[in-house]
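# Observations on chain architecture
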Amino acid sequence: MADDQRLFFLLQQAAHQLRVTGDRRCLAAAGVTTAQLGALFTVQDRPGLTQRELAAELGQRESAVTAMIGRLVDGGLIAKRPHPRQHRAVVLELTDAGARALVRARPEIDRVNAELRALVGDSDYARTAAALRRLADWPS
């Protein structure tokens with residue numbers, strides 16, 4: 001089978017390898033997975049967002065985000081507060097421990113990105129990132 005016909009398979013393999021490697025390294029550095037880091041960074045960038053908004057931002061099902069938030073709350077990395085206008089909703093806030101986890105994770109994230117840049121080369125790094133953004137939005 002020609003390489004161009006295996007793109008979907010190769011993307012799945014690469015995503016799996018990146019997730020396994022990223023999770024292992026981020027767990028060692030900060031005690032959180034890459035998915036949890038995504039949630040923590042989003043809550044840091046948008047304090048006061050709801051779980052529903054977080055799920056939409058991450059492109060995940062609400063049930064998956066609810067379970068992840070439960071683990072982050074239990075770990076003291078995120079706090080839930082009553083929503084000021086929606087009776088049943090809660091807002092999410094990064095705790096000091098969550099902020100420290102992000103600080104601990106940052107050097108590892110930077111190392112991984114530097115390794116990826118070295119792997120694909122400087123000239124292809126931006127083009128690869130742009131292509132992956134387009135794929136992430138497909139079909140739109």
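See above for the structure.
No experiment lies behind these values; they were computed from the predicted model shown.

### Looking at the pattern of salt bridges
One pass over the full model with this rule turns up eight salt bridges. Between Arg 25 and Glu 115 there is a salt bridge, and its shortest N-O distance comes to 2.9 Å. Note that Arg 25 is positioned in helix α1 (residues 7-30) and Glu 115 in helix α5 (residues 96-120), a separation of 90 residues in sequence. In this structure Glu 115 comes out as partly exposed when scored by relative accessible area, which is 41%. For Arg 81, the salt bridge goes to Glu 93, with nearest N and O atoms at 3.3 Å. With Arg 81 in strand β1 (residues 78-82) and Glu 93 in strand β2 (residues 90-94), this residue pair connects regions lying 12 residues apart in the sequence. Arg 81 gets classed as partly exposed once you look at its relative accessible area, which sits at 40%. Taken together, the salt bridges that share partners define one network made up of Arg 25, Glu 108, Arg 111 and Glu 115.

### Here we look at the environment of Leu 11
Relative to the assigned elements, Leu 11 resides in helix α1. Through-space distance from the C-alpha of Leu 11 to that of Leu 132 is 9.7 Å; in sequence the pair is 121 residues apart. What Leu 11 contacts, discounting residues up to four positions off in sequence, is Leu 132 and Leu 135.

### Remarks on unusual backbone geometry
Apart from glycine, the bulk of residues carry a negative phi angle, and the bulk of peptide bonds sit in the trans form. Going from Trp 138 to Pro 139, the amide bond is cis rather than trans, its omega being -15 degrees. Position of Pro 139 relative to the elements: it lies in the segment after α6 (122-136).

### Some points on the packing of aromatic side chains
Scanning the entire structure with this criterion turns up zero aromatic pairs. A cation over a ring is seen here: Arg 117 above Tyr 125, with NZ or CZ 3.9 Å from the ring centre.

### As for the side chain of Thr 50
You can see Thr 50 is positioned in the loop between α2 (34-45) and α3 (51-58). By relative accessible area, Thr 50 is classed as buried at 8%. Ignoring any residue separated from it by four or fewer positions in sequence, one finds Thr 50 in contact with His 83, Ala 89, Val 90 and Leu 92.

### Some words on the side chain of Asp 23
By the element assignment, Asp 23 lies in helix α1. At 5.8 Å, Arg 19 is the nearest oppositely charged side chain to Asp 23, a buried residue that forms no salt bridge. A distance of 2.6 Å separates the side chain of Asp 23 from the side chain of Thr 34, its partner in a polar contact. Sequence-distant contacts of Asp 23, defined by excluding residues within four places in its chain, comprise Val 32, Thr 33, Thr 34 and Ala 35.

Criteria and thresholds
Residues numbered from 1 in each chain as written. Predicted model: local features only at pLDDT ≥ 70, side-chain atom pairs only at ≥ 80, totals over all residues. Heavy atoms only, no water. Salt bridge = Lys/Arg side-chain N within 4 Å of Asp/Glu carboxyl O. Helix = DSSP H or I, 4+ residues; strand = E, 2+ residues; numbered from the N terminus. Buried < 20%, exposed > 50% of the residue type's maximum accessible area, 1.4 Å probe, protein only. Contact = heavy atoms within 4.5 Å. Phe/Tyr/Trp six-rings, centres within 6.5 Å; stacked < 30°, edge-to-face > 60°. Lys NZ or Arg CZ within 6 Å of the ring centre and 35° of its normal. Lys, Arg positive; Asp, Glu negative; His and termini not counted. Polar contact = N/O pair within 3.5 Å; in protein donor to acceptor, adjacent residues only side chain to side chain.

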